[in-house]
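Given next are the chains, with one letter for each unit.
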Amino acid sequence: MIAFMTDWGNSHYVGICKGVMRQITDAEIVDLTHNISPYNVREAMYILDRSVDYFPEKTVFLIVVDFGVGTARKAIAVETDKYYFVAPDNGILTLVLERHVPRKIVDLVNKKYHFGTSKTFHGRDIFSPAAAYITKGIFDELGTRLPNYATLPYRKAHLTPNGAYGEIAYFDRFGNIETNIPFSWIAEKDVVEINVGKKTYEVPVVETYADVDEGEMLVHEDSTGYVEIAVNKGIAREKLKCYEGNELEILF
């Protein structure tokens, strides 16, 4: 299986890449999402990490969020004990490879396994063929071995004497604020104080959006076990006027 993620939206680029892969493999191709915000490697990094464990072993994750296409950044494939990853070497694999430790990393430079020579469509010409060939048992031949990979700096969540510290991971399509703080750290609390930027908010900890009045803020557990900050039928991102990567503190 190939799980395909990009920032291309409803674009013919997606279909072209699937056509290339189908010329090489009969493996199933699943669209994880093509609605990553344009160029947003941080968002893709978090969504990939929170998605992989729902897929069967040996899935090949093809991730193309590639603001540096055509530059000196490498195109890589990574083999781990459970999964394979094919992506630009721009930090997009930072989180997932903390949990799924690489066994092999290759720089996808073997042109025998490329589809074309475009400077701006490596998704078609380098990444898609590589993902397809991996499903057929070809890996080492795709390029030369690398000792490491690029990482993206982020604020790792940790407990403090008075609460929890982390960052705003990304915003979902409803404008809810997804954090990297495990919900289990605040699960027993009824109310918490959220500090983001220079503002402080006192927010109830509830189970569902409808547990507060329309337009009111809430904190609850998202579907992957992390703290989500939301507004019932509103847009938390706009209410808090915050950004991805913002420092976040939750006081008990």
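Residues numbered from 1 in each chain as written. Predicted model: local features only at pLDDT ≥ 70, side-chain atom pairs only at ≥ 80, totals over all residues. Heavy atoms only, no water.

1. Focus: the packing of aromatic side chains
No. 1: If you walk through the whole model with that rule in mind, you get ten aromatic pairs.
No. 2: Look at Phe4 and Trp8: their rings are 6.0 Å apart centre to centre, the planes differ by 90°, and that puts the pair in the edge-to-face class.
No. 3: Between Phe55 and Phe61 the ring centres are 5.3 Å apart and the planes differ by 80°, which places this aromatic pair in the edge-to-face class.
No. 4: By relative accessible area, Phe55 is classed as buried at 14%.
No. 5: On the accessibility criterion, Phe61 (0% relative accessible area) is buried.
No. 6: Members of the aromatic cluster, joined through ring pairs, are Phe4, Trp8, Tyr13 and Phe121.
No. 7: One residue, Arg173, lies across the ring of Phe174, its end atom 5.5 Å from the ring centre.
No. 8: When the ring centre of Phe171 is taken as reference, the NZ or CZ atom of Arg237 above it lies at 5.8 Å. (Phe/Tyr/Trp six-rings, centres within 6.5 Å; stacked < 30°, edge-to-face > 60°. Buried < 20%, exposed > 50% of the residue type's maximum accessible area, 1.4 Å probe, protein only. Lys NZ or Arg CZ within 6 Å of the ring centre and 35° of its normal.)

2. Re the environment of Gly245
No. 1: Considering the arrangement of structural elements, one finds Gly245 in the loop between helix H5 (236-240) and strand E15 (247-251).
No. 2: A relative accessible area of 14% places Gly245 in the buried class.
No. 3: The sequence separation of Gly245 and Glu98 amounts to 147 residues, and the corresponding C-alpha distance is 19 Å.
No. 4: Dropping the residues within four chain positions of it, Gly245 is found in contact with Arg42, Arg155, Glu167 and Ile168. (Helix = DSSP H or I, 4+ residues; strand = E, 2+ residues; numbered from the N terminus. Contact = heavy atoms within 4.5 Å.)

3. A few points about the pattern of salt bridges
No. 1: Tallying each qualifying case throughout the model produces 13 salt bridges.
No. 2: Where Asp53 meets Arg99, a salt bridge forms, and the shortest distance between an N and an O atom there is 2.8 Å. Remark: Arg99 occurs in helix H3 (residues 96-99) and Asp53 occurs in the loop between helix H2 (41-49) and strand E3 (60-64); sequence separation between them is 46 residues.
No. 3: The class of Arg99 is partly exposed, set by a relative accessible area of 39%.
No. 4: Arg103 is the partner of Glu79 in a salt bridge, and the nearest nitrogen-oxygen pair spans 2.6 Å. (Salt bridge = Lys/Arg side-chain N within 4 Å of Asp/Glu carboxyl O.)

4. Overview of H2
No. 1: Judged by how many residues are buried, H2 sits mostly within the fold: nine of nine residues are covered.
No. 2: Buried within H2 are the following residues: Val41, Arg42, Glu43, Ala44, Met45, Tyr46, Ile47, Leu48 and Asp49.
No. 3: Buried residues along H2 sit in contact with strand E1 (2-6), E3, strand E5 (84-88), H3, strand E9 (163-171) and strand E10 (177-182).

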